[in-house]
Amino acid sequence: MTGRGQASAGDLLELVRKGRATTRGALQEATGLSRATVGQRLDRLFRAGWLREGAGGPVDSPLGGRPSITLEFDDAHAVVLAADLDTRHARAAVLTLTGEILAEHGGTLAVEDGPDVVLGELGGWFAELLVKAGHRPDEVCGIGLAVPGPVDSETGRVVQPPIMPGWDGYDIRGRLARAFRERTDTDTGTGTGTGTGTGPAAAPTEVPVLVDNDANLMAYGEQRSGYPDCSAFVLVKVSTGIGAGVVVDGSIFRGVDGGAGDIGHIRVGADALCRCGSHGCLAAVASGGAVARRLAESGIPASSGSDVRDLLAAGHPAAAALAREAGRRVGDVLATVVTLLNPGVLMIAGDLAGTAFLTGVRELLYQRALPRSTARLDVVTSRLGERAGLVGAGALVVEHLYAPERAEERLLALGV
């Protein structure tokens with residue numbers, strides 16, 4: 001936040017959204033602004049439809065008087081679209097600004113078909129979901145997309161993704177925004193991206209699209225919804241590939257160009273050929289795809305992590321044994337991850353995230369890591385399940401669009 005006495009309307013919105021100051025008096029105290037200035041800046045937020053008045057708060061003065069009116073972020077003024085791509089399957093949803101899923105759809109969608117086809121199909125899914133949720137295209141303030149590859153967050157483009165052929169450097173943001181516009185026919189309507197709902201109308205604009213790695217967004221969704229006080233949170237997704245998402249002090253840690261957390265390509269001394277072209281990667285021997293390949297070699301039909309998941313759910317003994325072995329290999333690598341990051345929560349998610357795999361992880365993790373590193377560590381499985389990436393993608397959009405500086409820009413664009 002800017003210095004005391006200089007806080008913008010966006011700063012005030014941030015204080016209210018985070019619950020740090022929810023009355024006019026509290027905002028004055030937190031910012032050093034005068035009562036009149038606070039009132040003027042709140043008026044802009046009310047006119048945009050971003051704030052509403054709630055119930056009266058407690059009376060602080062022993063002399064009595066009228067209770068203070070509380071202020072609340074109005075999550076009904078816009079909605080967010082989110083999608084989570086896996087290698088062969090995808091999920092999409094309409095969410096409120098506070099992360100409630102209003103409508104969702106899952107189905108077969110193969111990333112190997114290429115970005116033009118996949119993103120065009122997602123545009124159609126979004127259009128149908130908006131109708132199902134009872135919302136208009138012009139109520140969409142942004143779109144979040146989770147993809148199974150490393151992403152440069154500045155450009156929204158994937159960078160040398162091992163399991164996304166044809167996607168390297170592709171303009172995902174532009175194509176998805178165009179697909180959404182085309183499938184909702186907004187050129188003849190009121191336009192998208194105003195994000196105001198009941199607020200003032202604005203000229204049609206391209207709906208903003210944010211893209212990030214799927215493990216990052218799963219970690220973000222899980223941390224925010226279930227472990228908001230955990231200052232160092234790690235999620236490991238083990239499906240067709242293996243990736244990790246790291247959330248530190250409430251923010252996704254991406255590294256310098258989006259490559260943080262790519263633990264599936266740590267070398268573990270095996271000879272197996274990985275899809276990235278190297279030999280001995282963790283993903284080549286311990287991912288869902290690797291387990292599926294070993295099952296198929298023994299005559300058990302399996303071709304992907306989802307097939308392994310189904311076999312594990314059915315209690316197949318060979319699948320369980322291989323999943324436990326894979327968990328031990330991953331646990332060996334995670335001993336280093338835990339020693340380096342000292343997280344409070346290590347969450348296992350994805351197709352293999354069951355009892356057998358988790359048992360294997362714990363065996364090697366606690367054997368190899370120093371007791372100091374695991375003394376306050378909780379090793380858990382996903383709470384949100386298949387919705388984690390959707391929730392994280394929606395939260396990414398909201399945190400971006402309503403961050404103080406961006407919020408101020410949007411208010412000016414709305415003319416308030």
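About the cut-offs
- Residues numbered from 1 in each chain as written.
- Predicted model: local features only at pLDDT ≥ 70, side-chain atom pairs only at ≥ 80, totals over all residues.
- Heavy atoms only, no water.
- Pairing = 2+ DSSP bridges.
- Helix = DSSP H or I, 4+ residues; strand = E, 2+ residues; numbered from the N terminus.
- Axes fitted to C-alpha atoms, helices over the stretch in contact; angles between N-to-C directions.
- Contact = heavy atoms within 4.5 Å.
- Parallel < 35°, antiparallel > 145°, perpendicular 65-115°, else oblique.
- Left-handed = near helix turned anticlockwise from the far one by under 90°.
- Nonpolar A, V, L, I, M, F, W, Y, C, P; charged D, E, K, R; others polar.
- Expected span 1.5 Å × (residues − 1).
- Buried < 20%, exposed > 50% of the residue type's maximum accessible area, 1.4 Å probe, protein only.
- Salt bridge = Lys/Arg side-chain N within 4 Å of Asp/Glu carboxyl O.

Reading across the sheet, the 5 strands line up as 5-4-3-6-9 and stay open at both edges, with mixed pairing between neighbours. Every other strand in the sheet has two partners, leaving strand 5 (101-108) and strand 9 (209-213) as the edge strands with one partner each. Across the sheet, the mean angle from the axis of one strand to that of its neighbour is 15 degrees, orientation sign disregarded. Of the pairings in the sheet, the one linking strand 3 (residues 79-85) to strand 4 (residues 89-95) comprises 6 bridges and is antiparallel in character. Note on strand 4: the bridge partner recorded for leucine 85 is alanine 90. The strands touched by helix 4 (residues 115-133) within the sheet are strand 3, strand 4, strand 5 and strand 6 (140-147), with strand 5 carrying the most contacts at an inclination of about 145 degrees.

Glycine aside, residues mostly have negative phi, and peptide bonds are mostly found in the trans state. Located in the positive-phi region is aspartate 249, a residue other than glycine, with phi close to 50 degrees. Assignment of secondary structure puts aspartate 249 in the loop between strand 11 (242-248) and strand 12 (251-252). Residues other than glycine seldom take positive phi values, yet asparagine 342 does so here, at roughly 50 degrees. Mapped onto the elements, asparagine 342 comes out in the loop between helix 10 (317-341) and strand 13 (345-349).

One way to put it is that helix 8 (residues 288-297) packs onto helix 10 with a least axis distance of 10 Å and a crossing angle of 140 degrees. Comparing the axis directions of helix 8 and helix 10 gives the class oblique. Here helix 8 and helix 10 pass one another in a crossing that is right-handed. The segment helix 8 lies against helix 10, with Val291, Arg294 and Leu295 engaging Ala318, Ala319, Leu322, Glu325 and Ala326. In terms of residue class, the contact of helix 8 with helix 10 is made up of 6 nonpolar, no polar and 2 charged.

Let us look at helix 13 (residues 388-401). For helix 13, built from 14 residues, the straight-helix expectation of 20 Å at 1.5 Å per residue is met to within 8% by its first-to-last C-alpha distance of 20 Å. Most of helix 13 sits inside the fold, with 13 of its 14 residues counted as buried.

For the rest of this paragraph, the subject is the environment of leucine 95. Its place among the elements puts leucine 95 in strand 4. Classification of leucine 95 by relative accessible area gives buried; the value is 0%. As for leucine 95 and valine 16, which are separated by 79 residues in sequence, their C-alpha atoms are 20 Å apart. If sequence neighbours within four positions are ignored, leucine 95 has contacts with Val79, Val80, Ala82, Glu100, Ile101, Leu102, Leu390 and Val391.

For the rest of this paragraph, the subject is the pattern of salt bridges. Under the defined criterion, the tally for this structure stands at 30 salt bridges. The salt bridge involving glutamate 182 is made with arginine 178; its shortest N-O contact spans 4.0 Å. Linking glutamate 182 with arginine 178, this pair stays in helix 5 (residues 172-184), spanning 4 residues, or about one helical turn. Glutamate 325 is the partner of arginine 294 in a salt bridge, and the nearest nitrogen-oxygen pair spans 2.9 Å. Here arginine 294, found in helix 8, pairs with glutamate 325, found in helix 10; they are 31 residues apart in sequence, far enough to count as distant. Residue class for arginine 294 comes out partly exposed when judged on its relative accessible area of 36%. The exposure class of glutamate 325 is partly exposed, given its relative accessible area of 31%.

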